[in-house]
Amino acid sequence: MEEEEPLLTGSINQGPGDYGSQDNGEHYHHDESPESRRLSHSVTDDSYPVYEDADLCIQQAVVFIEDAIQYRSINHRVDSGSLRLYRWYYSKICQWGLGFTIAVVLGLAFIETPSSLTYTSDIRFKPKPWEPPCGLTEGIEMVCLCIFILDVTVKGYLIGWEEFRTNKWLIGYVVVIAATVIDWMLSISMMCSESLRVRRLIRPFFLLQNSSLMKKTLKCIKRTLPEIASVILLLALHICLFTMIGMLIFAKSDDPKKNGEWETYFKNLPKALSSLLVLLTTANNPDVMIPAYSLNRGYSIFFILFSVFGTYLLMNLMTAIIYNQFRGYLLMSVQTSIIRRRLGIRAAFEVLCCPGRGHISTQSEGHVERVAVNMFLQVMDRVHMKSYCRQAIIKAAQQFPDGFINGEAFQRLFNELDKDFMKEHPPKPEYSSPVLRYIQKIYSHFYITVLGNVVALANVICICTVLVLNSEKSVSEKNNFCMEILNCIFIMYYLIEMLLKIVAFGWRGYLSYRNNIFDGFLTVLLLAIQIAIIITNRIPFEDVDPVPQRVMVLWEMVRLVNMLIVFRFLRIIPEIKLMAVVASTLVDLVKNLRAFAGILLVVYYVFAVLGTWLFQGAITPPSNTSLIFNARIENQTDGPFSMDCGTFEQLGYWPNNFDDFASSLVLLYNIMVVNNWHVFTDAYTRYTTEWSLVYFVAWWLTSSVMWVNLFVALILENFTYKWDRSNALSVEDVERIAYQSTVQLIFREHVREPTEEELLAQLQQHPHLHLSW
């Protein structure tokens with residue numbers, strides 16, 4: 001469950017509420033003191049006591065519990081009308097609508113000038129793209145801006161002006177919207193003919209401000225930068241030192257035959273720096289040392305020492321520092337999330353403890369310390385949450401014998417939110433027929449699953465054998481008769497296996513297993529395609545299809561069947577524990593670590609816009625495209641159109657350019673991978689200026705060095721967390737458990753619980769719900 005956007009980060013993160021800022025090592029207990037709960041509260045917005053309206057108490061408790069579930073701040077208006085607006089704002093339809101609006105705004109870069117709407121990005125063959133008429137994208141953008149204005153207005157109203165003016169993100173939201181509107185007006189006044197649209201560069205802010213976890217991640221990265229800068233400085237000193245040594249060792253000689261290293265890599269200071277920088281990523285290894293190594297094998301020591309200290313020591317040290325520092329700041333951020341959950345639950349308990357509304361009063365001054373179970377059940381009926389968590393909490397609440405829940409027990413009830421969900425399979429059907437009981441006994445056994453996996457493996461091996469035998473044949477030369485016979489046999493087995501499993505487990509039982517759903521869907525799809533092949537081509541009854549057009553159709557359908565069969569072989573993943581954990585880790589990364597990928601998307605977007613501004617049209621196509629194309633195919637480096645081997649032109653990297661937004665994204669990805677990234681830097685330094693190297697080095701440091709290493713470290717953290725939890729479980733248990741592996745839970749054991757005094761101190765600071773002793 002991803003953390004949603006908090007309405008404020010003001011008072012809840014100040015003073016005693018900043019639980020992530022320090023840990024003094026003390027032990028924190030949760031013993032509830034009667035004095036700590038002598039509270040009364042009122043809604044300042046409407047100037048009447050909360051406990052005059054039981055429905056308002058329930059409504060407040062519902063919202064506070066939903067805030068706790070989503071790790072949201074509770075510092076918002078709590079009168080009846082505001083609460084209805086608040087729940088509407090955080091409803092799925094509103095949040096999905098806001099997310100769709102952000103996606104539309106970000107997607108405008110693909111169709112705005114320069115448009116990416118062409119079938120290829122190769123500048124030699126790229127047709128003139130379709131350009132939208134003036135006002136089309138601007139009209140769409142204005143609609144989105146109106147939605148953003150409504151969004152910030154609702155947020156500002158719900159938290160109040162005092163909190164709004166202390167929230168830097170919301171103030172930044174207003175500034176970005178204002179800057180976008182001004183730039184939009186300039187575009188309209190210039191009839192969309194401006195060459196630079198500044199608002200493209202700030203559009204990713206809309207994505208950042210809509211995700212609390214993204215903002216926390218960005219804050220953690222910002223705090224980690226000093227440590228990263230120290231290692232980058234050490235890395236720079238390492239490169240500069242070896243650059244000067246290299247220029248001294250590989251100086252220009254009087255013998256032209258010995259100047260290969262100097263001419264190619266150490267001719268001047270910028271060239272030497274860039275050559276060693278690329279060597280740091282191993283992209284030009286061993287090319288960079290070959291000219292010198294061919295003269296004397298001792299020269300290899302220089303390059304080996306550079307790589308050992310730079311690539312294997314300093315770069316890995318940087319990865320360790322990035323992960324360690326970022327993890328520390330992320331723990332602080334997770335601590336804030338935990339306090340938000342505990343604070344929301346405690347606030348719900350306090351508002352339900354209204355005198356005369358399902359409580360027990362034990363003090364003459366109206367001191368309340370328990371909540372009636374009946375009132376709590378009314379609250380849970382209204383809360384939007386996962387059904388299995390609701391059922392578990394309600395079941396636990398009904399176990400209180402006296403019908404009342406105290407504060408400590410109230411907090412414990414919501415520990416169910418952090419527990420894994422064990423899916424229970426429906427009971428198997430009972431048959432009176434001995435044959436059906438025998439089938440049920442056999443096809444419920446684990447060995448049937450093993451047999452199915454063996455058959456699937458045999459099917460894949462058959463397909464591989466046929467592919468190897470037909471690898472050099474054209475479509476018309478291939479004989480699909482044997483393959484179709486094999487496919488029919490295997491598909492019939494899959495169909496029989498599926499039907500008998502349905503008999504053994506029943507419909508509901510069969511569909512309760514995810515691997516059965518996967519198997520069944522592919523089996524039905526394979527059967528449908530196979531029937532279509534038989535009807536259309538009368539295969540396998542005809543050995544040769546006389547109609548050439550139908551040969552291609554047949555081959556495409558057979559190829560689709562084979563691909564689905566190979567894909568079906570993935571059914572073995574849930575049967576192997578390590579593979580099951582790895583696969584579920586990948587799924588959880590997609591679901592729960594979207595914020596980290598979102599930051600990378602923002603960085604991609606900003607660098608792509610900058611790249612388009614700086615380098616659009618920098619690389620021009622050759623005048624004779626057919627000549628250069630033939631020369632590249634034949635690998636010619638001399639003749640009428642000569643090219644140096646390994647250059648941008650000789651390798652045919654023409655589709656990699658900054659001429660539009662889409663091609664810029666692809667080029668940035670190719671550089672992030674760092675394979676042959678020096679080819680791009682060399683080309684752009686030749687076509688533009690040597691200062692262009694600054695842009696590419698900045699992108700390499702941001703994407704490949706910092707963010708990719710961080711993402712890898714978080715993958716390891718997520719996998720370790722899940723592996724430790726599943727270590728004592730069987731394969732079947734791993735398949736049944738729906739792990740709650742959010743970022744908060746991954747680091748849960750490393751954060752502390754707040755005390756009752758700290759929670760009550762936070763509630764005292766609520767700007768709209770005044771609490772008094």
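Details of the structure are given in the entry above.
1. Considering the packing of aromatic side chains
Phase 1: Scanning all chains against the criterion turns up 39 aromatic pairs.
Phase 2: On the numbers, 5.4 Å between centres and 55° between planes, the contact of Phe349 with Phe410 is tilted. Pair noted here: Phe349 is in helix 13 (residues 300–352) and Phe410 is in helix 16 (residues 407–413), with a separation of 61 residues, a long-range link. Assigned by exposure class, Phe349 and Phe410 land together as buried.
Phase 3: In this structure an aromatic cluster arises from ring pairing among Tyr604, Phe607, Phe615, Phe658, Tyr684, Tyr695, Phe696 and Trp699.

2. A closer look at unusual backbone geometry
Leaving glycine out, the prevailing phi sign among residues is negative, and the prevailing peptide bond configuration is trans.
Phase 1: The residue after Thr113, namely Pro114, is reached through a cis peptide bond having omega 0°.
Phase 2: The omega torsion of the bond from Asn285 to Pro286 falls at 5°, within 30 degrees of zero and hence cis.
Phase 3: In this fold, Pro286 is placed in the loop between helix 11 (269–280) and helix 12 (290–293).
Phase 4: Positive phi outside glycine occurs at Asn676, with the angle close to 65°.
Phase 5: Its location among the elements puts Asn676 in the loop between helix 25 (661–673) and helix 26 (677–687).

3. A closer look at the pattern of salt bridges
Note on pairing: side chains with opposite charge can pair once their charged atoms come close.
Phase 1: A complete count under the given rule lists 23 salt bridges for this structure.
Phase 2: Where Arg412 meets Glu408, a salt bridge forms, and the shortest distance between an N and an O atom there is 3.5 Å. Taken together, the positions of Arg412 and Glu408, both in helix 16 and four residues apart, correspond to about one turn of that helix.
Phase 3: Counted as one network, the salt bridges with shared partners bring together Glu112, Glu138, Glu141, Asp183, Glu194, Arg197, Arg199, Arg200 and Arg203.

Reading the values: the criteria
- Throughout this description, residue numbers start from 1 for each chain and increase along the sequence as written.
- It should be noted that, the model being predicted, local features are given only for residues of pLDDT at least 70 and side-chain atom pairs only at 80 or more, the latter also being counted only at that level, while totals for whole chains, interfaces and linings use all residues.
- In computing side-chain properties, one takes all heavy atoms of the structure into account and sets aside hydrogens as well as water.
- Working definition: a ring pair exists when centres of Phe, Tyr or Trp rings (six-membered ring for Trp) sit within 6.5 Å. Plane angles under 30 degrees give stacked, over 60 give edge-to-face, the rest tilted.
- Secondary structure follows DSSP: runs of H or I at least 4 residues long count as helices, runs of E at least 2 residues long count as strands, and numbering of each begins at the N terminus.
- Burial here depends on accessible area, computed with a 1.4 Å probe over protein chains only, as a share of the maximum for the residue type. Under 20% is buried, over 50% is exposed, and the range in between is partly exposed.
- Salt bridges are defined by distance alone: a side-chain nitrogen of Lys or Arg within 4 Å of a carboxyl oxygen of Asp or Glu.

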